Amino acid sequence: MTRVRTTRTPDGRRLEVSNVMAVPAADAWEILIDTVQWPEWSPIVRGVESTDRRVRSGTTGRVRIPGAWIPFRITECTERRWTWRVTGIPAAGHRVDDLGRDRCRIAFELPIHHAGSAPVSLRALENIETLLEDEAATVR
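Summarised in this report is the structure supplied together with it.

How each quantity is defined
- Residues numbered from 1 in each chain as written.
- Predicted model: local features only at pLDDT ≥ 70, side-chain atom pairs only at ≥ 80, totals over all residues.
- Heavy atoms only, no water.
- Buried < 20%, exposed > 50% of the residue type's maximum accessible area, 1.4 Å probe, protein only.
- Helix = DSSP H or I, 4+ residues; strand = E, 2+ residues; numbered from the N terminus.
- Pairing = 2+ DSSP bridges.
- Salt bridge = Lys/Arg side-chain N within 4 Å of Asp/Glu carboxyl O.
- Phe/Tyr/Trp six-rings, centres within 6.5 Å; stacked < 30°, edge-to-face > 60°.
- Lys NZ or Arg CZ within 6 Å of the ring centre and 35° of its normal.
- Axes fitted to C-alpha atoms, helices over the stretch in contact; angles between N-to-C directions.
- Contact = heavy atoms within 4.5 Å.

**Re the pairing of strand β8 (residues 104–111)**
By the criterion of burial, β8 is predominantly enclosed, with eight of the eight residues buried. Two elements, strand β2 (residues 12–21) and β8, share eight bridges in a ladder whose sense is antiparallel. For Glu-16, the partnering residue across the bridge sits in β8 and is Glu-109. Here strand β7 (residues 89–98) runs beside β8; their pairing, made up of six bridges, is antiparallel. Bridge pairing in β8 links Arg-95 to Ala-107. Once β7 ends, the chain turns through five residues before running back antiparallel as β8, passing Gly-100 with a positive phi of about 115°.

Right under this line is the structure:
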């Protein structure tokens, strides 16, 4: 189930773009924190240079988007949620909710003024779901 709604987050009121997937929460979390995989699922990220392969609080680096490299800093990384600043501006939060055996919700928490990014986030969720389903099929 995919949804777009406004919600309260630890960072205040945000637009949440989310999708429930039939994959383990640990697998979903791994794809979100592994910077090497960002270009595989993000519709706009073409490359990543990062101080850490797996994000943690304080990780810094830059992402290549069409036409530019832009700096980022991970501002917070907790058990299954991380937030960042891109070019010094608060950007999307990334969260995984464990919904039980082989089921989770991946959510992007967009600042309200980034509502125009909702279609990009929806495409990213579709890409993540495809990657995780393909990975699960390969393991079987």
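**Brief notes about the pattern of salt bridges**
This model, assessed by the stated rule, comprises 15 salt bridges. For Arg-62, the salt bridge identified is with Glu-49, shortest N-O distance 2.7 Å. Here Arg-62, found in strand β4 (residues 60–65), pairs with Glu-49, found in strand β3 (residues 47–50); they are 13 residues apart in sequence, far enough to count as distant. On the basis of relative accessible area, Glu-49 is assigned to the partly exposed category, the value being 40%. Three or more residues are tied together by salt bridges with common partners; here these are Arg-3, Arg-5, Asp-11, Glu-16, Glu-76, Arg-81, Arg-95, Asp-97, Arg-105 and Glu-109.

**Regarding the packing of aromatic side chains**
Inspection of every chain in the model, using the stated rule, returns six aromatic pairs. Within the aromatic cluster, the residues linked to one another by ring pairs are Trp-38, Phe-72, Trp-82 and Trp-84. Arg-62 extends its terminal NZ or CZ atom over the ring of Trp-69, reaching a point 4.2 Å from the ring centre.

**Some points on the sheet that holds β3**
Taken together, the eight strands give an open sheet; going across it, the order is β1-β2-β8-β7-β6-β5-β4-β3, and neighbouring strands pair in antiparallel fashion. Two strands close off the open sheet at either side, each with one partner strand: β1 (2–9) and β3. With strand direction ignored, the average angle separating the axes of adjacent strands in the sheet is 25°. Here five bridges tie strand β5 (residues 68–77) to strand β6 (residues 81–86), and the two strands are oriented antiparallel to one another. From the neighbouring strand, Glu-76 faces β6, where its bridge partner is Thr-83. Contacts between helix α1 (residues 25–33) and the sheet are confined to β5, β6, β7 and β8, with β7 contributing the most and set at about 160° to the helix.

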